[in-house]
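Below, each chain spelled out in residue letters.
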Amino acid sequence: HPILLETEADFTEDAAERIALYEAAKHAAIVRGLPTLSICVALAKVLLDELHDPYRANEELVACAGEVDDTDEDWTREWWTELQARCRASVMPASH
């Protein structure tokens, strides 16, 4: 079940292993027609904070953007919004 994979990823220290678990959880959720928002947000956070890959992190956030308005979890919505802003800031050239 996706929630089991997501939970395991949450408690895994190795970034590559966490990413693999989140991706497996996302796939399992998609196959079952379940929401992917919390999985994509957690995956985006690892990609941004640990791999410093704002482009790939943003792809994950865009993939679940349609679920943001449907969630009743304020913390997930806020986390998504914060990560989206951080991705944009990471790829925008600094103004002088």
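Residues numbered from 1 in each chain as written. Predicted model: local features only at pLDDT ≥ 70, side-chain atom pairs only at ≥ 80, totals over all residues. Heavy atoms only, no water.

**Student:** Any details on the packing of aromatic side chains? Residues and values, ideally.
**Tutor:** Summed over all chains, the structure comprises 1 aromatic pair. Ring centres 5.8 Å apart and planes at 40 degrees place the aromatic pair Trp75 and Trp79 in the tilted group. Taken together, the positions of Trp75 and Trp79, both in helix 6 (residues 74-91) and 4 residues apart, correspond to about one turn of that helix. (Phe/Tyr/Trp six-rings, centres within 6.5 Å; stacked < 30°, edge-to-face > 60°. Helix = DSSP H or I, 4+ residues; strand = E, 2+ residues; numbered from the N terminus.)

**Student:** Please provide a residue-by-residue account of the environment of Trp80, values included.
**Tutor:** Its place among the elements puts Trp80 in helix 6. Among the residues examined, Trp80 registers a relative accessible area of 13% and is labelled buried. Sequence separation between Trp80 and Val68 is 12 residues, and the spatial gap between their C-alpha atoms is 7.7 Å. Residue contacts for Trp80: discarding those within four places in its chain leaves Leu37, Val41, Leu61, Cys64, Ala65 and Val68. (Buried < 20%, exposed > 50% of the residue type's maximum accessible area, 1.4 Å probe, protein only. Contact = heavy atoms within 4.5 Å.)

**Student:** Please set out helix 3 (residues 37-49) residue by residue, giving values where relevant.
**Tutor:** If you check helix 3, its first and last C-alpha atoms are 18 Å apart, about what 13 residues at 1.5 Å a residue would give, namely 18 Å. Listed as buried for helix 3 are Leu37, Ile39, Cys40, Val41, Ala42, Leu43, Ala44, Val46, Leu47 and Leu48. In this structure, the buried side of helix 3 is in contact with helix 1 (2-10), helix 2 (15-32), helix 4 (54-63), helix 5 (65-68) and helix 6. (Expected span 1.5 Å × (residues − 1).)

**Student:** I'd like to hear about the pattern of salt bridges, residue by residue, with values.
**Tutor:** Here the structure, examined in full by the defined rule, presents 7 salt bridges. One salt bridge connects Glu50 with Arg18, and the closest N-O pair in it is separated by 2.5 Å. With Glu50 in the loop between helix 3 and helix 4 and Arg18 in helix 2, this pair connects stretches of sequence that are 32 residues apart. For the salt bridge of Arg77 with Asp74, the shortest nitrogen-to-oxygen distance reads 2.8 Å. Residue Arg77 and its partner Asp74 are both found in helix 6; the two are separated by 3 residues, about one turn of the helix. Classification of Asp74 by relative accessible area gives partly exposed; the value is 47%. What emerges from the salt-bridge pattern is a single network uniting Lys45, Asp49, Glu82 and Arg86. (Salt bridge = Lys/Arg side-chain N within 4 Å of Asp/Glu carboxyl O.)

**Student:** Lay out the side chain of Thr71 with the relevant residues and their values.
**Tutor:** Structurally, Thr71 can be placed in the loop between helix 5 and helix 6. Here Thr71 falls in the buried class, since its relative accessible area comes to 13%. Contact partners of Thr71, with chain neighbours within four places excluded, come to Leu37 and Arg77.

**Student:** With reference to specific residues and values, describe the state of the cysteines.
**Tutor:** Here a disulfide denotes a covalent bond joining the sulfur atom of one cysteine to the sulfur atom of another. Applying the stated rule across the entire model yields 0 disulfides. A disulfide-free cysteine, Cys40 has its sulfur positioned 4.3 Å from the sulfur of Cys64, the nearest such atom. On the basis of relative accessibility, which here comes to 1%, the residue Cys40 falls in the buried class. Here Cys87 stays free of any disulfide, with the sulfur of Cys64 as its closest cysteine sulfur at 11 Å. (Disulfide = S-S within 2.5 Å.)

Purely geometric numbers; function is a separate question.
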